[in-house]
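Remarks on the overall topology
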Amino acid sequence: MSELLLLACALLSWIITCQSGPWRPCTDLLQLDLLSRVLPGTVTAQDGIHIVQSRGSRGFQFSGSPQLFSFPASQLFVNCNFFPAEFSIVVTLKIPQITPEKSEYIFTLLDGDSDELLLGLRLSQNNLHFLQKGHGRKKRTTFKAVGLDDNRWHTVILAVTGHYTILTVDCGRPLELVLESPFTDDLDTTGSSFFIASRRRWNGLFSGLIRQLVLLPGSDATSRICPSSEPRLSALSVPQALLHLPIKPSSTDLPLHPYEAEVRVTAGVSPPCGHSEEGQLWFSTLKKGLFLCDGIVWLTMLQVKEKLDYVEDHQDLFTSSETFDIEVFHIPSVGLFIATANRDSNLGSGIYKWTDGKFERYQNISTYDAQAWQYFTVGKKKFLVVANCRSKDAGDQEQSVIYKWSSRKLKFIHYQTLNTHSARDWEAFNIQDETFLAVANHRQGERNHNIDSVIYKWNPVTQFFEVNQTIPTAGAYDWEFFTIGPYYFLVVANTFNGRSTVIDSTIYIWLGGMFQSYQSITTFGAIDWEMFQIENRVFLAVANSQMLTEEGKIQYSINSTIYELSMASQTFIKFQDIETNRDTLLSGSFSALDWEYFTVGDDKFLVVANSYDGTSYSLNSVIYRWQGYEGFVPVHRLRTNGCRDWEFFNTTDGSYLIYSSARAALSKVLKLRTI
């Protein structure tokens, strides 16, 4: 009897082995490129799918019937009909912001000819949803505030194992959610189909670009593609059609080409040009040209070259009091602004917004003999800092204030107060992803000009600026930050040491985590430095305001000087004096208070703020044009009254200059007419 039982068991084992063979998984546990399975042999525009290049990388845009971009699940699950219980999905996508009431599908797995969803990935505003069918009901796992709909490339890895769903975005820190029950191991895919970029219907069709969509059964794909030098574009399996430009057929016909390069059209500030924008085209209505990003700079492809013809009066801007400085800045999606540093402490200073071709008062801020404004950003935060020369109440400590832009209130609000000493200027700059603020402290009390100016550093933990370094200065009036190759420089305009204005102003270089003295240049009541580059040549222009000797002699008609960096000596040497000509007093520099460098077409210009000649404040400020070997030569003379500051800016209507007056509550906007 026992022998018969043993024989029966052996026979049953033989039957099972012969009929079914050894156990095999439903797939070969290899990466499954879902995207390639819906691509036609040759991609054409008529197929409802386009290859679009954006920010230097290519992806597919789906515009045809959702039925075109589907395939049966049986193509993947060849050994059995069950979806793997453990898997990961890798998708690289780019999509603009989704409206709150809308959602779009990356892919779905639908049962048979019905609309019942077995599995899917869906995007809504700032959220990613993992959808599944389990035990007779639909389940949704939502990862909130993932920020995928920001019109930038992102690579997303969704790994599912047991009770856990793990999301990794751009090889960053994984986000883990615990499921109520483990992912089902009996999800039957018999007769089901995958739909790419949709749920079979037009409603919910993915509007962005998809670069890769891969299913990896049995394991987490994170370790395969992370870390990565390009985490936003980490690749597991990208279709070949996206790796090379399609070949145009040799034919006299002109078929619709499936490849498109994203073109950005702007009328104002240049868009960013970095590695992610490589290959992108930019058409500027202001510059009247077409430009190509090479990953570093915008290269001119085609451009109408403008030339400055003349300057005309555009707007009289009446301010609350005399204006010592104007700061021009742009807040994305809000507009173009200027901040005026006004003298009168009772009336404060104004912020104006460019509206319908004019500046209109937008906000008033309490200031105390304001000398300068500086706009800057820290991450997504936007700030304005004012240099207050006086204290609120006599005898109190002088304080300058940082204001932060409120996107809810649409105005600047108080953020941080810093103790300063008759502050004349702020300079904001970044070094190796760290943000700094340098204040030019002019004097302490009424007589002590030989004091420290301070460099503050942003603390990302406390979210405030803290003292990082102090630098001895003599009546400091201005800081100018600039870079040359990998080196960072900061130059101070020292004005007065208590006895004379004929003193050294100093250039500092960043070494060992601090600024150290690099070169000293003798200046004459220096008020401003302006750094600019012409091709590969680096220049520094100083505005000398007056020559006061220790004997008490004072002279206002003095030269201001342009220095050029000598690569041989690795120092700045005198390049050109802007000379005073007593016979033709229209060409010189009289108590110069500011330089502004700007370009129009291929031409380079410097405009000087001439303020006082010893007898009158009504003087010509002069625009100089670069003429190569001749240096800068005067081309336009503009009548000004106590001119204190010049600023250049562009709008959709053209290019402008604005100057402030330290003698009247009137600033002027001038339009540059070109031919």
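Right, let's walk through the structure included here. Chains are numbered independently. Their residues run from 1 in the order of the written sequence. Totals for whole chains, interfaces and linings use every residue, but because this is a predicted model, local features are given only for residues with pLDDT of at least 70 and side-chain atom pairs only at 80 or more, for both listing and counting. With hydrogens and water excluded, all non-hydrogen atoms of the structure serve as input to the side-chain values.

Some remarks on the pairing of strand β5 (residues 87-94)
The criterion, for reference: Here's how the labels work: a residue is buried when its accessible area is under 20% of the maximum for its type, exposed when over 50%, partly exposed in between, all with a 1.4 Å probe on protein chains only. Helix numbering and strand numbering both begin at the N terminus, where a helix is a DSSP run of H or I of at least 4 residues and a strand a DSSP run of E of at least 2. Two strands pair under a simple rule: DSSP has to find at least two bridges between them.
Buried residues dominate β5, accounting for eight of its eight residues. Taking every second residue as pointing to the same face, both faces of β5 are buried, with Phe 87, Ile 89, Val 91 and Leu 93 on one and Ser 88, Val 90, Thr 92 and Lys 94 on the other. Summarising the sheet, β5 and strand β10 (residues 154-161) pair through seven bridges and their orientation is antiparallel. Residue pairing in the sheet places Phe 87 in a bridge with Val 160 of β10. Note that β5 and strand β14 (residues 209-217) share eight bridges and pair antiparallel. Counterpart to Val 90 in the pairing with β14 is Val 214.

A few points about the sheet that holds strand β26 (residues 381-388)
Selection criterion: Here the axes come from fitting lines to C-alpha atoms, over the contacting stretch only for helices, and the angles between their N-to-C directions go from 0 to 180 degrees.
The strand order across the open sheet built from four strands is β25-β26-β27-β28, with neighbouring strands paired in antiparallel fashion. The strands lining the two open edges of the sheet, one partner per strand, are β25 (370-378) and β28 (411-419). When strand polarity is set aside, the average angle formed by the axes of neighbouring strands in this sheet is 25°. Bridging between β25 and β26 involves eight bridges; their strand directions are antiparallel. Along β26, the bridge assignment pairs Ala 370 with Asn 388.

A few points about the side chain of Arg 58
Just so we agree on the cut-off: Each polar contact in these results corresponds to two N or O atoms within 3.5 Å; when the atoms are within protein, one needs to be able to donate a hydrogen and the other to accept it, and residues that are neighboring in sequence are counted only if both atoms are side-chain atoms.
You can see Arg 58 is positioned in strand β3 (residues 57-62). At a separation of 3.3 Å, a polar atom in the side chain of Arg 58 contacts the side chain of Gln 53. Engagement of the side chain of Arg 58 in a polar contact is seen with the backbone oxygen of Leu 242, the distance being 3.5 Å.

Some thoughts on unusual backbone geometry
Each neighbour pair has its own omega, and for Cys 226 with Pro 227 the value is -5°, a cis peptide bond. Its identity as a non-glycine residue notwithstanding, Asn 126 has a phi of 70°, on the positive side. Turning to its location among the elements, Asn 126 is positioned in the loop between β7 (117-124) and β8 (127-134). Residue Asn 126 is classed as partly exposed on the basis of its relative accessible area of 31%. Its identity is not glycine, yet Gln 432 carries a phi of approximately 50°, on the positive side.

Some points on a nonpolar patch on the surface
Under the convention used in this document: Without a salt bridge and with relative accessible area above 30%, a residue can belong to a patch; like charges are then joined within 9 Å and nonpolar side chains (Val, Leu, Ile, Met, Phe, Trp, Tyr) within 5 Å. Per-residue and other accessible areas were derived by the Shrake-Rupley procedure at a 1.4 Å probe size, with only the shown protein chains allowed to occlude residues. Criterion for a salt bridge: a side-chain nitrogen of Lys or Arg within 4 Å of a carboxyl oxygen of Asp or Glu.
A grouping of Ile 296, Val 297 and Leu 299 is seen on the molecular surface, where their side chains present a nonpolar patch of about 270 Å² in accessible area. Considering the arrangement of structural elements, one finds Val 297 in the loop between β18 (289-293) and β19 (298-303).

Concerning the layout of surface pockets
This is how the line gets drawn: Here a cavity means grid points, on a 1 Å grid over the protein atoms only, where a 1.4 Å probe fits yet cannot get out; a pocket means an open set of points with protein on both sides within 12 Å along at least five of seven lines; lining residues are those with an atom within 4 Å of a point. Grid points are joined across faces, edges and corners, and a volume is the space filled by probe spheres set on the points. Residues are sorted three ways: Asp, Glu, Lys and Arg are charged, Ala, Val, Leu, Ile, Met, Phe, Trp, Tyr, Cys and Pro are nonpolar, and all the rest, Gly among them, are polar.
Computed from the structure, the second largest pocket encloses a volume of approximately 880 Å³. Surrounding the second largest pocket, 34 residues form its lining, Glu 327, Gln 374, Glu 480, Glu 596 and Glu 647 being those nearest its centre. Put simply, the parts of the chain that give the lining of the second largest pocket at least two residues each are β21 (323-331), β25, β29 (423-431), β33 (476-484), β37 (526-534), β43 (592-600) and β47 (643-651). Here the residues of the lining of the second largest pocket sort into 17 nonpolar, three polar and 14 charged.

Considering the environment of Ser 234
Put simply, the test is: Contacts are residue-level and defined by heavy atoms, with any inter-residue pair within 4.5 Å sufficient.
Mapped onto the secondary structure, Ser 234 falls in the loop between α2 (222-225) and β15 (259-261). The exposure class of Ser 234 is buried, given its relative accessible area of 2%. As for Ser 234 and Thr 92, which are separated by 142 residues in sequence, their C-alpha atoms are 7.9 Å apart. Here Ser 234 is in contact with Thr 92, Thr 155, Cys 171, Gln 212, Ile 225 and Ser 228, once residues within four sequence places are set aside. Among the polar contacts listed, one links the side chain of Ser 234 to the backbone oxygen of Pro 231, at a separation of 3.2 Å.

Notes on the nonpolar core
Using the following cut-off: We define the nonpolar core as a collection of buried residues of types Ala, Val, Leu, Ile, Met, Phe, Trp, Tyr and Cys that are connected through side-chain atoms lying within 4.5 Å of one another.
The biggest cluster of nonpolar side chains holds 49 residues, and the ones touching the most others in it are Phe 62, Phe 83, Ile 106, Phe 194, Ile 196 and Leu 213. Once residues lying within four places of it in the same chain are set aside, the contact partners of Phe 62 are Leu 35, Val 38, Gly 48, Ile 49, Phe 69, Ile 196, Ala 197, Leu 205, Phe 206 and Ile 210.

Digging into the packing of aromatic side chains
Convention followed: Note on aromatic contacts: the rings of Phe and Tyr and the six-membered ring of Trp form a pair at centre separations within 6.5 Å, being stacked when their planes are under 30 degrees apart, edge-to-face when over 60 apart, and tilted otherwise.
Summed over the entire model, instances satisfying the criterion amount to 57 aromatic pairs. When the ring of Trp 354 is compared with that of Phe 649, the centres are 5.6 Å apart and the planes differ by 70°; the resulting orientation is edge-to-face. Of this pair, Trp 354 sits in strand β23 (residues 349-355) while Phe 649 sits in strand β47, and the two are 295 residues apart along the sequence. Overall, the relative accessible area of 4% leaves Phe 649 in the buried class. By the ring-pair criterion, three or more aromatic residues cluster together here, those being Phe 71, Phe 77, Phe 83, Phe 87, Phe 107, Phe 130, Phe 183 and Phe 194.

Topic: the sheet that holds strand β41 (residues 560-566)
Strands sit in the order β37-β38-β41-β42 across an open sheet of four strands; the sheet is antiparallel. What marks the edges here is a single partner per strand, and that holds for β37 and β42 (571-578). Strand-to-strand, the axes of this sheet are offset by a mean angle of 25°, without reference to chain direction. Relative to strand β38 (residues 537-544), β37 is paired through eight bridges, and the arrangement is antiparallel. The partner of Glu 530 across the bridge, within β38, is Ala 541.

Read these as spatial facts, not as claims about activity.
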